[in-house]
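# A structural walkthrough
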Amino acid sequence: MHFVEAKGILTENHGRHGMNIYRGCTHGCIYCDSRSKCYQFKHPFEDIEVKRNAPELLEKALKSKRQKCMIGTGAMSDPYMHCEEELRLTRKCLEIIRQYGFGLAIQTKSDRILRDIDILDEINHSAKCVVQMTLTTYDDDLCRILEPNVCNTKRRIEVIEEMQKRGIPTIVWITPILPFINDTRENITTILSECVRVGVKGIIDFGMGLTLREGDREYYYAALDKHFPGMKERYIRTYGNAYELPSPNAKELFKIFKKICNENNIMSRPEDCFQYMNELPDKYEQMSLFDL
Ligand code: SF4
């Protein structure tokens, strides 16, 4: 990893405020879009760029905001990579968000987020906090291949359960669904039943498939060659050089997804989930135990 003094930390895009304290990621997900060429990394993706002055920049930005809003983090790089254990920059930023009364929508795959559950709880009481987790496969062996350097799905579900128990709402990303790999009825049904059991608020799906582009595609194909011999050729035969690679089972899986979400009152349209995560109402009603 290497340290930089960043010029700014908070970005605004269509009324959504977001920040990335780190740039690059060490979780090693084989399908990671963030490593795509279009993001113009000037350093190896695993050589994490640490924005050392992120807390100071955040404090300055929040102080000057006239209206409180939700702050998103974790979209491009996981805020709970291994280096966060020692650096504690994410924690410092959460403390600032709490101090200035802003809301938080945070996304991770790591159980390290539990270290900060006290602050998340406080933010949820003083403003609003939403925790997002990605779940792609319930198979532990497959999970070790797809997302090698982070805790497995079962552990992530325990984290979600902990959040829900505290009344902190959770959103699950059930993406990407990799054609011929995790796109089975059994996998989707098992993940969704766990989401129902622990009471997640919403689930985000983008059509039961995967996207690939330059940089990301090469990395993914190399992983396929290593772990699934012959699979790369199957992908090339089926999808050529396409950006969108929907699973051949997409329709069936989407139907199951919709049915389970509708029956259990779980938000299932991405736009509803995003709106929920971006809204900071004047009067935010925390979930009570009766909602669980
Ligand atoms: S956690 Fe997200 S950013 Fe990190 S490697 Fe996985 S997909 Fe990429």
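Heads up: the structure comes first, above all this text.
One structure accompanies this document, and this report is about it.

Basis of the calculations
Residues numbered from 1 in each chain as written. Predicted model: local features only at pLDDT ≥ 70, side-chain atom pairs only at ≥ 80, totals over all residues. Heavy atoms only, no water. Near = heavy atom within 4 Å. Nonpolar A, V, L, I, M, F, W, Y, C, P; charged D, E, K, R; others polar. Disulfide = S-S within 2.5 Å. Core = buried A, V, L, I, M, F, W, Y, C linked by side-chain atoms within 4.5 Å. Buried < 20%, exposed > 50% of the residue type's maximum accessible area, 1.4 Å probe, protein only. Helix = DSSP H or I, 4+ residues; strand = E, 2+ residues; numbered from the N terminus. Contact = heavy atoms within 4.5 Å. Axes fitted to C-alpha atoms, helices over the stretch in contact; angles between N-to-C directions. Parallel < 35°, antiparallel > 145°, perpendicular 65-115°, else oblique. Left-handed = near helix turned anticlockwise from the far one by under 90°.

A few words now on the site of the ligand. In the neighbourhood of the ligand, the contacting residues comprise Cys 25, His 27, Gly 28, Cys 29, Cys 32, Ser 34, Met 76 and Lys 109. Here the residues of the shell around the ligand are counted per class, giving 4 nonpolar, 3 polar and 1 charged.

Turning our eyes to something else, we now look at the state of the cysteines. Taken as a whole and assessed by the stated rule, the structure comprises 0 disulfides. No disulfide involves Cys 69; its sulfur sits 14 Å from that of Cys 129, the nearest cysteine.

The next subject is the nonpolar core. Within the largest apolar cluster, 79 residues are counted, with the highest numbers of intra-cluster contacts made by Leu 120, Ile 181, Ile 203, Tyr 220 and Tyr 235. A total of 6 residues in this core trace back to one element, the largest contributor, which is helix H10 (residues 250-263). Excluding residues that lie within four positions of it along the chain, Leu 120 makes contacts with Leu 94, Leu 104, Ile 106, Ile 113, Cys 129, Val 131, Met 163 and Ile 168. Ala 105, Ile 171, Met 267 and Tyr 284 belong to the second-largest nonpolar core, a separate cluster that totals 12 residues.

Let us now look at the packing of helix H1 (residues 54-63) against helix H3 (residues 89-99). Relative to each other, H1 and H3 sit at 15°, their axes nearing to 9 Å. With respect to H3, the axis of H1 lies roughly parallel. Along this stretch, H1 crosses H3, giving a crossing that reads as right-handed. Each of Ala 54, Pro 55, Leu 58, Glu 59 and Leu 62 in H1 lies in contact with H3, whose residues at this interface are Leu 89, Lys 92, Cys 93, Ile 96, Ile 97 and Gln 99. Here the contact of H1 with H3 is composed, by residue class, of 8 nonpolar, 1 polar and 2 charged.

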